[in-house]
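# Reading the structure
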Amino acid sequence: MNSKIIPLLDLPYEFVAGEDVSGADLQSYGCFPCRIRMAIFLYCVEGTMQININLQEYCVGKGQILVLFPNAVVQVISISDDVRAKIICVSSSFVESCNLLQSLSPVADVIMRNPIASLSSDQAEVFACTVGMVYQSIRVKPEEIRNQLVYNTIQSISAMLLTQYSEENRQLGKSASRSDEILLQFH
């Protein structure tokens, strides 16, 4: 039997942050579907992206944030030439060592059902500051303090997102389908 294996994508570092990521930077990851082992927080400053997440197609546009948790199957379908983004990625080892998914559990099920949310200009500014903080944290020693700074920063992002995602889902009147509930239990 000839079966295709979906490649796993993870970070070789605990975390990375990018304050001005271009469409060309992101396009290099769109050639094929892959299962990510890291967590990704991406805010779209300009442009649009079509992305397939767990076999569902989404459009991420200006003013929206995309949040992906480990084990998502992702493929970038298209990216406009003018895309600019701010991004934080944390490795699977960081996610596990900090028990990040469990700490994000109040917002995790909402995000898995709808990984995209619109941010207000104030929220976007807060996210931009957190990206800068994570980026600057790379230089902090010792490692335990650096990791705690990044963990707390991600907790702050999740608190902001919980409010935003909950409000958007309430407005959309979304309730989890049985297949959504099974997927959440699996993750």
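Higher on the page you've got the structure.
Now for a look at the structure at hand. (Residues numbered from 1 in each chain as written. Predicted model: local features only at pLDDT ≥ 70, side-chain atom pairs only at ≥ 80, totals over all residues. Heavy atoms only, no water.)

### Overview of the overall build of the chain
The secondary structure content of the chain amounts to seven helices and 10 strands. Put simply, 81% of the contacts in the chain that link residues at least 6 apart link residues at least 24 apart. (Helix = DSSP H or I, 4+ residues; strand = E, 2+ residues; numbered from the N terminus. Contact = heavy atoms within 4.5 Å.)

### A closer look at the pairing of strand 7 (residues 64-68)
Counting buried positions along strand 7 gives five out of five residues, so the element sits mostly inside the fold. Alternating positions in strand 7 separate into two faces, Gln64, Leu66 and Leu68 on one and Ile65 and Val67 on the other, with burial throughout. Here four bridges tie strand 4 (residues 39-46) to strand 7, and the two strands are oriented antiparallel to one another. By the bridge assignment for strand 7, Ile40 is matched with Leu68. Across three bridges, strand 7 lies against strand 10 (residues 116-118) in antiparallel orientation. Along strand 10, the bridge assignment pairs Ile65 with Ala117. (Buried < 20%, exposed > 50% of the residue type's maximum accessible area, 1.4 Å probe, protein only. Pairing = 2+ DSSP bridges.)

### Details of the packing of aromatic side chains
Enumeration over the complete set of coordinates arrives at two aromatic pairs. Aromatic pair Phe15 and Phe94: ring centres 6.2 Å apart, planes at 70°, arrangement edge-to-face. Taken as a pair, Phe15 in strand 2 (residues 15-22) and Phe94 in helix 2 (residues 92-97) lie far apart in primary sequence, 79 residues in all. Looking at Phe15, the relative accessible area reads 6%, which means it is buried. Classification of Phe94 as buried rests on a relative accessible area of 0%. Their ring planes at 50° and their centres at 6.2 Å tell us that Tyr43 and Phe127 sit as a pair that is tilted. Remark: Phe127 occurs in helix 5 (residues 121-137) and Tyr43 occurs in strand 4; sequence separation between them is 84 residues. Each of the two residues, Tyr43 as well as Phe127, counts as buried. (Phe/Tyr/Trp six-rings, centres within 6.5 Å; stacked < 30°, edge-to-face > 60°.)

### Quick word on the pattern of salt bridges
Summed over all chains, the structure comprises four salt bridges. In this structure, Arg84 engages Asp20 in a salt bridge whose closest nitrogen and oxygen atoms are separated by 2.9 Å. Here Arg84, found in strand 9 (residues 84-90), pairs with Asp20, found in strand 2; they are 64 residues apart in sequence, far enough to count as distant. Residue Arg84 is classed as partly exposed on the basis of its relative accessible area of 30%. Lys62 serves as the salt-bridge partner of Glu46, at 3.5 Å between the closest nitrogen and oxygen. With Glu46 in strand 4 and Lys62 in the loop between strand 6 (56-61) and strand 7, this residue pair connects regions lying 16 residues apart in the sequence. Of the residues examined, Glu46 reaches a relative accessible area of 32% and is grouped as partly exposed. Overall, Lys62 belongs to the exposed group, its relative accessible area being 58%. (Salt bridge = Lys/Arg side-chain N within 4 Å of Asp/Glu carboxyl O.)

### Observations regarding helix 5
For helix 5, which comprises 17 residues, the first-to-last C-alpha distance of 24 Å matches the rise-based estimate of 24 Å (1.5 Å per residue) to within 8%. Within the span of helix 5, buried status applies to Gln123, Ala124, Phe127, Thr130, Val131, Gly132, Val134 and Ser137. (Expected span 1.5 Å × (residues − 1).)

### A few points about the environment of Gly132
Along the chain, Gly132 falls in helix 5. Taking the C-alpha atoms as reference, Gly132 lies 6.7 Å from Glu19; in sequence the two are 113 residues apart.

### Remarks on the environment of Gly61
Note on placement: Gly61 falls in strand 6. When the C-alpha atoms of Gly61 and Gln50 are compared, they prove to be 8.9 Å apart, with 11 residues separating the residues in sequence. Beyond its immediate sequence surroundings of up to four residues, Gly61 is in contact with Cys44, Gly47 and Thr48.

### Looking at the sheet that holds strand 8 (residues 73-79)
Taken in spatial order, the five strands make up an open sheet running 1-3-8-5-6, and their pairing is mixed. Looking at strand neighbours, the two that pair on one side only are strand 1 (8-9) and strand 6, the edges of this open sheet. With two bridges joining them, strand 3 (residues 34-36) and strand 8 adopt antiparallel strand pairing. Following the sheet pairing, Cys34 is matched in strand 8 by Val74.

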